[in-house]
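A closer look at the structure
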Amino acid sequence: MRGWWREIAGLVLPVACGGCGRPRTALCPRCEAGLAGTGPRRVRPSPEPPGLPVVHAAAPYEGAVRALLLAHKERGALPLAGALGAALAGAVTAATGPCEASGGGPLLLVPVPSSRRSVRARGHDPTRRIALAAAARLRRSGRAARVLPVLRQGRAVADQAGLGARGRFANLAGALEVAPAGVRLLDAAAREAGRVVLVDDLMTTGASLAEAARALGAALTLVHPLFIPGLPDSPKRRGTEDLFEQPTAAVVASSPASFEINRNSRGTCIVAGGER
């Protein structure tokens, strides 16, 4: 209800750019261009947590990009979801490669979940909203894509804001799980040769994405006990290895330092026969 009222209010009340405060526009051209940056890049935090998927980000988390994400997440600037979703769609494309557009299964965007308490406080789930916008953008570009919200918090966690890298890893270890209905959805996705892409609005230490990858891998081993993610010689059921053998993730923004580490990296498309 709260999110619905915010959307109505945005239509009738004066607005200002969420990035720079320019009046009479929710997003000015300059800040929108900032979301695109110099193009999505491979990013890697330091230190890198064990189990972190390959991550691509659309833009560094600074300046207008930081302001836009905070405006959407914390101040309920819901119309920004479209532009943020477009940026996320670009990162997803960089992560999976253009070859996914021809002949492959659907892209399955799995958002990193917010706690129920955070969703209630904000009146919306920002990552899921951005993921839905990104999937719509990908479909308009001719790529089969949908959101698969199968992850949930299995236990309470502390607020991450005041924690360092080590504290975040400990705080999130074992915190996420795939809901029982989500396990069935993942099984169905494997049958249609879908490709999972973990998505989030922001990566700082990588702890959330690493935990999300662990939870998804654990769910797949429950569905197919002989499947062990990342172990080349393990027996596999046809389709499951394509779903999650090569974990990948995409985010709207990541710390500027993670871009510097990977200044010259480029996205690749990983398919059953190797890289393209």
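This text gives an overview of the structure that appears in the document.

1. Notes on unusual backbone geometry
With an omega of 5°, the peptide bond between Ser46 and Pro47 qualifies as cis. Here Arg24, not a glycine, exhibits a phi torsion of approximately 65°, which is positive. Its place among the elements puts Arg24 in the loop between helix H1 (2–12) and helix H2 (29–36). Since its relative accessible area comes to 80%, Arg24 is described here as exposed.

2. What to know about the packing of H2 against helix H3 (residues 63–74)
The interhelical angle for the contact between H2 and H3, taken along N-to-C directions, is 95°, at an axis separation of 9 Å. Comparing the axis directions of H2 and H3 gives the class roughly perpendicular. Where H2 abuts H3, its residues Cys31, Gly34 and Leu35 lie against Ala64, Val65 and Leu68. Residues belonging to the contact of H2 with H3 are distributed by class as follows: five nonpolar, one polar and no charged.

3. Thoughts on the pairing of strand S3 (residues 107–111)
Burial within S3 is extensive, with five of its five residues counted as buried. Side chains of S3 alternate between two faces, with Leu107, Leu109 and Pro111 and Leu108 and Val110 buried alike. As defined by bridge partners, S3 adjoins strand S4 (residues 145–147) across three bridges and the pair is classed as parallel. Paired with Leu108 across the two strands is Arg146, which belongs to S4. Looking at chain direction, S3 and strand S7 (residues 195–203) are connected through five bridges and run parallel. Bridge pairing links Val110 to Leu198 in S7.

4. Re the pattern of salt bridges
One pass over the full model with this rule turns up four salt bridges. A salt bridge links Glu48 to Arg44; its shortest N-O distance comes to 3.2 Å. Judged by its relative accessible area of 38%, Glu48 falls in the partly exposed class. Its relative accessible area of 25% is what places Arg44 among the partly exposed residues. In this structure, Lys73 and Asp201 form a salt bridge, with 2.9 Å as the shortest nitrogen-oxygen distance. Of this pair, Lys73 sits in helix H3 while Asp201 is found in strand S7, placing the two residues 128 residues apart along the sequence.

5. With respect to H3
When the terminal C-alpha atoms of H3 are compared, their 16 Å separation across 12 residues agrees well with the 16 Å that a helix rising 1.5 Å per residue should span. Of the positions making up H3, those classed as buried are Val65, Ala67, Leu68, Leu69, Ala71, His72 and Lys73.

6. Some points on the sheet that holds strand S2 (residues 54–60)
Sheet architecture is open: six strands sit in the order S1-S2-S8-S7-S3-S4, paired in mixed fashion. Two strands bound the open sheet, and with one partner strand each, they are strand S1 (41–43) and S4. For this sheet, the mean inter-axis angle between neighbouring strands, taken without regard to orientation, is 35°.

7. Considerations on the environment of Glu48
Assignment of secondary structure puts Glu48 in the loop between S1 and S2. Considered as a pair, Glu48 and Gly206 are 158 residues apart in the sequence and their alpha carbons are 7.0 Å apart. A distance of 3.2 Å separates polar atoms of two side chains, one belonging to Glu48 and the other to Arg44.

8. Considering the environment of Ala145
Of note, Ala145 is situated in strand S4. Owing to a relative accessible area of 7%, Ala145 belongs among the buried residues under this scheme. With 39 residues separating them in the primary sequence, Ala145 and Pro106 have C-alpha atoms 5.2 Å apart. Here Ala145 is in contact with Leu107, Ala135, Leu138 and Arg139, once residues within four sequence places are set aside.

What counts as what
Residues numbered from 1 in each chain as written. Predicted model: local features only at pLDDT ≥ 70, side-chain atom pairs only at ≥ 80, totals over all residues. Heavy atoms only, no water. Helix = DSSP H or I, 4+ residues; strand = E, 2+ residues; numbered from the N terminus. Buried < 20%, exposed > 50% of the residue type's maximum accessible area, 1.4 Å probe, protein only. Axes fitted to C-alpha atoms, helices over the stretch in contact; angles between N-to-C directions. Parallel < 35°, antiparallel > 145°, perpendicular 65-115°, else oblique. Contact = heavy atoms within 4.5 Å. Nonpolar A, V, L, I, M, F, W, Y, C, P; charged D, E, K, R; others polar. Pairing = 2+ DSSP bridges. Salt bridge = Lys/Arg side-chain N within 4 Å of Asp/Glu carboxyl O. Expected span 1.5 Å × (residues − 1). Polar contact = N/O pair within 3.5 Å; in protein donor to acceptor, adjacent residues only side chain to side chain.

Shape descriptors only; they carry no functional weight alone.
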